[in-house]
Amino acid sequence: MKLYIVMIATILSAVGSPIYGQSLEIFGYFEPQYMGVQYEDEYSQLFSNKLRVDMQSDLDEVKFAANFDYITYGGRRDWDLMQYIPETIRQTVDSSQLDYFTYDYDDTIYLDNAYMKFTKSIFDITLGKQQISPGTGYAWNPTDLFNSKDAIDPTYEQPGHSAIRVDAAIAPKFNTVLIYFPEDDWNNSGKLVRLKSGISHFDFSLIYSEKQWNLGDYINDMPVNDIRHMYGGDIVGELLGLGVWAEFGYNTLSGVDDFKEILAGADYTFDNELYVMAEYYRNGLGKSEYEEYDLNDWLRFLTGEIRTISRDNLYLYLDYPVTDYIHLSNSFITSLSDRSISLVPSMNYSMYQNIEMDLFLNFNLGEDSKAYSVEQGYSGVLRFKVFF
């Protein structure tokens, strides 16, 4: 931590100083956040403070960018994942194992992104820790093996990945992306190849990626640890006034049957500025009947190893600007397989030119033992951001 503080102080002291004739830009935000969870008769709360410092400098053919995140926590730091699992399944877990199913929030400071980008006539090369977010989906991305989204807040920033990336414009309307994620050897390293083109109002891509993938086994202690291969693609465009997009991924790895992930979405903005979006997602690893959910399904879902616990899912999002500064939204996260639903009303308020407030509430309305059941409790998040 001392090393990071010294690094940040050194960089901040360079604000406005010329670097080969260019200045280093420093910006970022401070984000205090409060989260409260009501579970049965117990109310728990977690408070966090996040300071993000971004910096970038554009030279002639080279761009440098980086950011540090410093996060501290207060309130309840250890959260029991078992409380979000149906009682009938919790009873099958030996009491001596319960301590293994907790998530701890620890103060941290880390380098989230740091990369340099070389730009030539037909290609770019990016080296370092950088954002990698393949796919066109909003709530889910079948072609993304490298990130895990929270459906309650899908647009929240993703972590950086150490990688070597090459973007090349091979021909008009035909681009290719090659990404390599170095690990201990070639076989265990991640790779991604994306070929992108366009026809009329549509852009489409063919994507292949692979990475070391861990799928926990919390019942028999026989986890899957193998290279996951994904063959897929995406498309995005406009059709009859609607924005439309889709993703598809076919996955293979040993220890698990081959499975598919499919996503299709559409959005539209009405004349009164009401924005409506819907996404359908089919998860080949999900279960079609809630009676089939077991401990593995629940913990894999809660830890982000799988995107959903159920097979067929629907995400509906509504957003309306009440004023120039206030947007009211509502998300409906639905398991079509077990017919349970989670409501996420939210509000975004631009309080001042550089201050925003976000409020999220979460109400599950499903029956016991279903994906979004009332027995999981209720929660809310209040977040402020001060940009500088």
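Everything here concerns the structure above.
Residues numbered from 1 in each chain as written. Predicted model: local features only at pLDDT ≥ 70, side-chain atom pairs only at ≥ 80, totals over all residues. Heavy atoms only, no water.

Enquirer: I would appreciate a short explanation of the environment of Gly216 in the present structure.
Expert: Mapped onto the fold, Gly216 is located in the loop between strand 13 (202-215) and strand 14 (224-239). With 121 residues separating them in the primary sequence, Gly216 and Ser95 have C-alpha atoms 19 Å apart. Not counting residues up to four positions away in its chain, the partners in contact with Gly216 are Pro223, Asn296, Arg300 and Glu305. (Helix = DSSP H or I, 4+ residues; strand = E, 2+ residues; numbered from the N terminus. Contact = heavy atoms within 4.5 Å.)

Enquirer: How should the pattern of salt bridges be read in this particular structure?
Expert: A side chain of one charge can pair with a side chain of the opposite charge if their charged atoms are brought near each other. Overall, the coordinates contain 21 salt bridges when judged by the stated rule. Close ionic contact of Arg52 with Asp112 constitutes a salt bridge, the shortest N to O distance being 3.3 Å. With Arg52 in strand 4 (residues 42-58) and Asp112 in strand 8 (residues 108-119), the pair connects residues that are 60 residues apart, well separated along the chain. Take Asp112: its relative accessible area is 3%, and that puts it in the buried class. Note that Glu157 and Arg52 form a salt bridge whose closest N and O atoms lie 3.1 Å from each other. Of the two residues, Glu157 is situated in the loop between strand 9 (123-130) and strand 10 (161-171) and Arg52 in strand 4; the sequence distance between them amounts to 105 residues. Assessed through its relative accessible area of 28%, Glu157 is described here as partly exposed. (Salt bridge = Lys/Arg side-chain N within 4 Å of Asp/Glu carboxyl O. Buried < 20%, exposed > 50% of the residue type's maximum accessible area, 1.4 Å probe, protein only.)

Enquirer: Honestly, the packing of aromatic side chains in this entry has me stumped. Any pointers?
Expert: The tally for this structure, following the rule as stated, stands at 16 aromatic pairs. With 5.0 Å between their ring centres and 75 degrees between their planes, Tyr103 and Tyr105 make a pair best called edge-to-face. By relative accessible area, which is 21% here, Tyr105 ends up partly exposed. Consider the rings of Tyr208 and Tyr231, whose centres lie 5.1 Å apart with planes at 45 degrees: the pair is tilted. Residue Tyr208 is located in strand 13, and its partner Tyr231 is located in strand 14; the two are separated by 23 residues in the primary sequence. (Phe/Tyr/Trp six-rings, centres within 6.5 Å; stacked < 30°, edge-to-face > 60°.)

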